[in-house]
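Report on the structure
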Amino acid sequence: MRGTLKTIRDAEITLLKRLQKGKKGKGGEDALFDPKKPKAVRIYVATKFPEWQETCVQAVKDSYSSPDDKVDDAKVRDILTEKGQFKKRMSEIGVDAAFLRTLLFSESEILKNLLPYLKKSLSLEDVEIFSVDEASQRESP
């Protein structure tokens, strides 16, 4: 929760700084943020991991030996190189993280339960919470 609040506050501070410097938004238009008007925010929640992470995790799973409790690093490298997905971050994933890919709670539900707190602490008039899939569906024609 603290991370969400910090992200929103940081975005607001960045927009305020841009306004003070007189910078224009993308494309040269005036900024859409007016600190004197009521504020609203949309929060997008990912419901699945990015495809490259899924590919990397699957490679670790395919290279894991249960009896030895080890991952064959060379096999992981070969699989990822074959799929064009070799990332330096693979050493950071580890076996435990690779096999536990779901949360024990719903981020969307937690955020919805915390809406009153978000509104009050950030002085927001409105907060909308969407999954990334819902947001994509809303934007498609």
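Residues numbered from 1 in each chain as written. Predicted model: local features only at pLDDT ≥ 70, side-chain atom pairs only at ≥ 80, totals over all residues. Heavy atoms only, no water.

A look at helix H2 (residues 51-63)
Spelled out, the test is: In this description a helix means any DSSP run of H or I spanning at least four residues, a strand means any run of E spanning at least two, and both kinds are numbered starting from the N terminus. The length a helix should cover is 1.5 Å for every residue beyond the first. Here's how the labels work: a residue is buried when its accessible area is under 20% of the maximum for its type, exposed when over 50%, partly exposed in between, all with a 1.4 Å probe on protein chains only.
Counted at 1.5 Å a residue, the expected span for H2 with its 13 residues is 18 Å, and the 18 Å between its end C-alpha atoms agrees. Of the residues making up H2, those classed as buried are Thr-55, Cys-56, Val-57, Ala-59, Val-60 and Ser-63.

Points about the packing of aromatic side chains
Between two aromatic rings, the relevant description is the distance of the centres plus the angle of the planes. What counts here: Here a Phe, Tyr or Trp ring, Trp counted by its six-membered ring, pairs with any other such ring whose centre lies within 6.5 Å, and the pair is stacked when the planes are under 30 degrees apart, edge-to-face when over 60, and tilted otherwise.
Under the defined criterion, the tally for this structure stands at one aromatic pair. With centroids separated by 6.0 Å and ring planes inclined at 25°, the aromatic side chains of Tyr-44 and Phe-130 adopt a geometry described as stacked. You can see Tyr-44 sitting in strand E1 (residues 39-45) and its partner Phe-130 sitting in strand E4 (residues 124-131), a full 86 residues away along the chain.

Side note on the packing of helix H1 (residues 2-21) against helix H6 (residues 115-122)
Packed helices, taken two at a time, are described by the angle between their axes plus the distance between the axes. The following threshold applies: Note on definitions: angles span 0 to 180 degrees between N-to-C directions of axes, and those axes are lines fitted to C-alpha atoms, for helices only across the stretch in contact. A clockwise turn of the near helix away from the far one marks a right-handed crossing, whereas an anticlockwise turn of less than a right angle marks a left-handed crossing. Two residues qualify as a contact provided that any one of their heavy atoms is within 4.5 Å of a heavy atom in the partner residue. Here the nonpolar group is Ala, Val, Leu, Ile, Met, Phe, Trp, Tyr, Cys and Pro; Asp, Glu, Lys and Arg are the charged ones; every other residue, Gly included, is treated as polar.
Two elements in contact, H1 and H6, have axes whose closest approach is 11 Å; the angle formed by their N-to-C orientations is 35°. Of the two possible hands of crossing, H1 and H6 adopt the one that is right-handed. On H6, the residues touching Leu-5, Ile-8 and Arg-9 of H1 are Tyr-117, Leu-118, Ser-121 and Leu-122. Class assignment of the residues belonging to the contact of H1 with H6 gives a composition of five nonpolar, one polar and one charged.

Digging into a negative patch on the surface
Note the threshold: Patch rule: a residue counts if its relative accessible area is over 30% and it has no salt bridge; like charges are joined within 9 Å, and nonpolar side chains (Val, Leu, Ile, Met, Phe, Trp, Tyr) within 5 Å. Using a 1.4 Å probe, the Shrake-Rupley method yields the accessible areas, and only the shown protein chains count as cover for residues. For this document, the term salt bridge refers to a Lys or Arg side-chain nitrogen within 4 Å of an Asp or Glu carboxyl oxygen. In this tally Asp and Glu are treated as negative and Lys and Arg as positive; neither His nor the chain ends contributes. Where a charge lies is defined by one atom per residue type: Lys uses NZ, Arg uses CZ, Asp uses CG and Glu uses CD.
On the surface, Asp-72, Asp-73, Asp-78 and Glu-82 cluster together to form a negatively charged patch. Structurally, the position occupied by Asp-72 is in the loop between strand E3 (70-71) and helix H3 (73-83).

Regarding the pattern of salt bridges
Tallied over the full model, the rule gives three salt bridges. The partner of Lys-6 in a salt bridge is Asp-10, with the nearest N and O atoms 2.7 Å apart. Within this pair, Lys-6 and its partner Asp-10 are both found in helix H1, separated by four residues, close to a single helical turn. Residue class for Asp-10 comes out partly exposed when judged on its relative accessible area of 33%. The salt bridge partner of Lys-39 is Glu-12, with a shortest N-O separation of 2.8 Å. Note that Lys-39 is positioned in strand E1 and Glu-12 in helix H1, a separation of 27 residues in sequence.

Thoughts on unusual backbone geometry
A positive phi angle, close to 55°, is found at Asp-69, a residue other than glycine. At Ser-123, a residue that is not glycine, the phi angle is positive and equals roughly 55°.

Digging into the nonpolar core
Spelled out, the test is: Put simply, a nonpolar core is a bunch of buried Ala, Val, Leu, Ile, Met, Phe, Trp, Tyr and Cys residues held in one set by side-chain atoms that sit within 4.5 Å of each other.
One finds Leu-5, Ile-8, Val-41, Ile-43, Val-45, Leu-111, Leu-118, Leu-122, Leu-124, Val-127 and Ile-129 forming the largest nonpolar core, which totals 11 residues. Elements represented by at least two residues in this core include exactly H1, E1, H6 and E4. Each residue touching Val-45, except ones within four places of it in the same chain, is listed here: Glu-107, Ser-108, Leu-111, Ile-129, Phe-130, Ser-131 and Val-132.

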